[in-house]
Amino acid sequence: MKTLRIILWIIICIIFLLGLLYFFTGSLEWFPTPEQQEKVKIASLIMMIVPAICGGILFFTRKNH
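Residues numbered from 1 in each chain as written. Predicted model: local features only at pLDDT ≥ 70, side-chain atom pairs only at ≥ 80, totals over all residues. Heavy atoms only, no water.

Q: Now, about the environment of Leu-17: what can you tell me, with residues and values included?
A: By the element assignment, Leu-17 lies in helix α1 (residues 2-25). The class of Leu-17 is exposed, set by a relative accessible area of 53%. Taking C-alpha positions, Leu-17 is 7.7 Å from Met-48, a pair spaced 31 residues apart along the chain. (Helix = DSSP H or I, 4+ residues; strand = E, 2+ residues; numbered from the N terminus. Buried < 20%, exposed > 50% of the residue type's maximum accessible area, 1.4 Å probe, protein only.)

Structure below.
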């Protein structure tokens with residue numbers, strides 16, 4: 001069970017960091033339109049919010065030993 005939680009934490013951190021990177025780099029198009037940039041911002045925010053919520057759930061459901 002502990003191994004599964006560690007793997008989940010690693011996956012959550014990777015997705016969050018990719019979302020953060022995506023937020024700052026923006027669209028990887030050569031000449032992105034404002035609409036494409038807005039879609040990138042929304043997608044990257046979702047990539048940061050969902051792992052943060054999942055991480056909070058993992059944190060608050062841990063067993064104290």
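Next comes the rest of the account.
Q: Residue-level account of the state of the cysteines, with values.
A: Here the structure, examined in full by the defined rule, presents zero disulfides. Free cysteine Cys-13: the closest other cysteine sulfur is in Cys-54, separated by 12 Å. Taking the relative accessible area as the measure of exposure, Cys-13 reaches 41% and is therefore partly exposed. In this structure Cys-54 comes out as partly exposed when scored by relative accessible area, which is 34%. (Disulfide = S-S within 2.5 Å.)

Q: Report on the side chain of Ser-44, specifying residues and quantitative values.
A: By the secondary structure assignment, Ser-44 is in helix α2 (residues 34-60). Classification of Ser-44 by relative accessible area gives buried; the value is 0%. Side-chain polar atoms of Ser-44 contact the backbone oxygen of Lys-41, separated by 3.0 Å. Beyond its immediate sequence surroundings of up to four residues, Ser-44 is in contact with Gly-19, Tyr-22 and Phe-23. (Polar contact = N/O pair within 3.5 Å; in protein donor to acceptor, adjacent residues only side chain to side chain. Contact = heavy atoms within 4.5 Å.)

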